[in-house]
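So the chains spell out like this:
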Amino acid sequence: MRQRVVVLGATGSIGQSTLDVMARNPERFELLAVSAHQNLEALITMCRQFSPRFAVYSGNHRTYAEVKAQFSESGLTTEVLMGADALATVSALPEADTVVAAIVGAAGLLPTLAAAKAGKRILLANKEALVMSGGLFMQVVREHGAKLLPIDSEHNAIFQCLPHAVQQAPTSEIHASCGVRRLLLTASGGPFLNLDAEHLASVTPAQACKHPRWEMGRKISVDSASLMNKGLELIEACWLFDLPPEKVDVHIHPQAIIHSLVEYVDGSILAQLGSPDMRTPIANALAWPERVPAGVTPLDLFSMGALTFQAPDMARFPCLRLAADAHRAGGLSATVLNAANEEAVSAFLAERIRFVDIPRVIEKSLEHVAKGRADSLDAILAADKETRGIAMQLIGQLQG
Ligand code: NAD
Ligand code: MG
């Protein structure tokens, strides 16, 4: 039986890499549904190539009649659905085995939660969903017997370096019995790793999006440049692997060859190495516990050069500290952090604020938004909304 896969955010960088791996292994995977937010042409091209049963157009840039007409003109058999609710519908389709959560930002939360409630195997790229609702999300996963497989490269690397017992059920007790001491998350350091504080103030969105090692969507590229990506990943790792932040350490590793490591009590450190190509972690998670070809050029160890490591500079990159503090503070702090970051990044991309204003907007938002418990979806969505309002005001003041 082929694995029936739903790809949310199929037009994005992760979505496209997922379809590439699936196309290389057609005997194993069948595309059941795809989604796109804006690019209707790309959605139609994808449906021509893969003939999924369902396609979701989640944006509101066109009318349903227009979208449906374009699908019928193309002679496609795919059924097209529209709107944000349809994302949750395809995530929970009874015939779906696997849901690839590759929407960017908080918009991915509800469809990913729907997949968890339906007990699916979830391939998680959308780290923002987990950051904003960690405890609640993991509770839903446990209660409904869903399986979370990370495709963020660092978390997938850690997953690969963990014993099978932990892969099956990552709890702090099982880590202890398997001798896991801590996780080492690597970070390339992004395009501004060696830029001094003074020059950071004038960097442009184009410079921030030009990552030295990875090709990614614009939002995560800016997060990588500010090290917020590593902050979000620290929180992601704590939830996914059920460990406190003291047991997750960040190492800057500019070559981006080692994708993360696990340290054991006997002094061993296991690492996962590979070319910086997201098709490796995606293929790993799609086929787990087996392996399939991913079209990735293997590393040539002889031509690789030195692998170096350094501690992150928290003074030039305050976002990493803000994220770690937000996770420690608990409650709704990580929800606020994530929403403020999304607004600040989009304002930076629109050239409304400077790169160095991103942590300022986040820090001020964390001071303003009411503290509370993150124990219901309503509370999380309300904090997300309130934060965005406050962040917009702060952005307006910074512009003025
Ligand atoms: P991207 O910008 O390339 O693609 C985003 C996708 O989400 C697109 O298909 C878009 O249509 C869809 N989308 C955007 N806004 C939406 C909305 N409001 N509602 C529904 N759909 C919407 O982003 P990406 O780089 O592929 O990243 C996707 C996710 O994966 C992010 O959470 C990112 O942090 C994570 N991730 C990406 C990489 C990478 O290498 N690109 C690596 C690790 C993790
Ligand atoms: Mg990553």
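About the thresholds
Residues numbered from 1 in each chain as written. Chains lettered and ligands numbered in written order. Predicted model: local features only at pLDDT ≥ 70, side-chain atom pairs only at ≥ 80, totals over all residues. Heavy atoms only, no water. Donors = N, O, S within 2.8 Å, 3.2 Å for Na, K, Ca; no water. Buried < 20%, exposed > 50% of the residue type's maximum accessible area, 1.4 Å probe, protein only. Near = heavy atom within 4 Å. Polar contact = N/O pair within 3.5 Å; in protein donor to acceptor, adjacent residues only side chain to side chain. Areas by Shrake-Rupley, 256 points an atom, 1.4 Å probe, with all protein chains shown as cover. Helix = DSSP H or I, 4+ residues; strand = E, 2+ residues; numbered from the N terminus. Nonpolar A, V, L, I, M, F, W, Y, C, P; charged D, E, K, R; others polar. Salt bridge = Lys/Arg side-chain N within 4 Å of Asp/Glu carboxyl O. Expected span 1.5 Å × (residues − 1). Pairing = 2+ DSSP bridges. Axes fitted to C-alpha atoms, helices over the stretch in contact; angles between N-to-C directions. Contact = heavy atoms within 4.5 Å. Domains from an automatic or database assignment. Buried area = accessible area lost by both parts, 1.4 Å probe.

## Comments concerning the coordination of the magnesium ion (ligand 2)
Coordination of the magnesium ion (ligand 2) by the protein is provided by Asp-152 (OD), Glu-154 (OE) and Glu-233 (OE), with metal-donor distances spanning 2.1 to 2.2 Å. Donor residues binding the magnesium ion (ligand 2) come from one chain and are separated in sequence as D-x1-E-x78-E. For the pair Asp-152 and Glu-154, one class covers both residues: buried.

## Concerning the site of ligand 1
Surveying the vicinity of ligand 1 reveals 23 residues, the closest of which are Thr-11, Ser-13, Ile-14, Glu-128 and Gly-217. Side-chain polar atom of Thr-11 to an oxygen atom of ligand 1: 2.7 Å apart, as the coordinates give it. Glu-128 is positioned such that a nitrogen or oxygen atom in its side chain is 2.7 Å from an oxygen atom of ligand 1. Compared with its free state, where it exposes 830 Å², ligand 1 has 85% of that area covered by protein. Sorting the residues of the shell around ligand 1 by element identifies helix H1 (13-24) and helix H6 (127-143) as the ones contributing at least two each. Class assignment of the residues belonging to the shell around ligand 1 gives a composition of twelve nonpolar, eight polar and three charged.

## A word on the pattern of salt bridges
For the coordinates displayed, the defined rule picks out 28 salt bridges. The salt bridge partner of Arg-2 is Glu-30, with a shortest N-O separation of 3.6 Å. With Arg-2 in the segment before strand E1 (3-8) and Glu-30 in strand E2 (residues 29-36), the pair connects residues that are 28 residues apart, well separated along the chain. Of the residues examined, Arg-2 reaches a relative accessible area of 36% and is grouped as partly exposed. Classification of Glu-30 as partly exposed rests on a relative accessible area of 25%. Look at the salt bridges and you will find they share partners, linking Lys-127, Asp-152, Glu-154, Lys-230 and Glu-233 into a network.

## A few points about helix H18 (residues 377-399)
Taking 1.5 Å as the rise per residue, H18 with 23 residues should run 33 Å; its terminal C-alpha atoms sit 33 Å apart, in good agreement. Residues Ile-380, Ala-383, Asp-384, Thr-387, Arg-388, Ile-390, Ala-391, Leu-394 and Ile-395 constitute the buried set of H18.

## A closer look at the sheet that holds strand E8 (residues 180-187)
Taken together, the four strands give an open sheet; going across it, the order is E9-E8-E10-E11, and neighbouring strands pair in mixed fashion. Of all strands in the sheet, those bounded by a partner on one side alone are strand E9 (248-252) and strand E11 (269-273). The average undirected angle you get between the axes of adjacent strands in this sheet is 20°. For E8 and E9, the ladder comprises five bridges, and the chain directions are parallel. By the bridge assignment for E9, Leu-183 is matched with Val-248. Docked against the sheet, helix H7 (residues 153-161) engages E8, strand E10 (258-264) and E11, running at close to 40° with respect to E10.

## Regarding the domain arrangement of the chain
Per the domain assignment, the segments of the chain are domain 1 (3-150) and domain 2 (166-277 + 308-399). Between the C-alpha centres of domain 1 and domain 2 the distance comes to 24 Å. Contacts between the two partners involve 21 residues from domain 1, matched on the other side by 27 residues from domain 2. Note on domain 1 versus domain 2: buried area summed over both sides is about 1800 Å², and carbon and sulfur give 69% of it. When the buried area of domain 1 at its contact with domain 2 is split by residue, Lys-127, Val-131 and Met-132 rank highest and sum to 35% of it. As a salt-bridge pair, Lys-219 and Glu-128 come within 2.9 Å of each other at their nearest N and O atoms. Run the count over domain 1 and domain 2 and you get seven residue pairs in polar contact (both at pLDDT 80 or more). Within the residue set of the side of domain 1 that touches domain 2, elements represented by two or more residues are helix H5 (109-117), H6 and strand E7 (147-150). Here the side of domain 1 that touches domain 2 takes ten residues from H6, the largest share from any one element.

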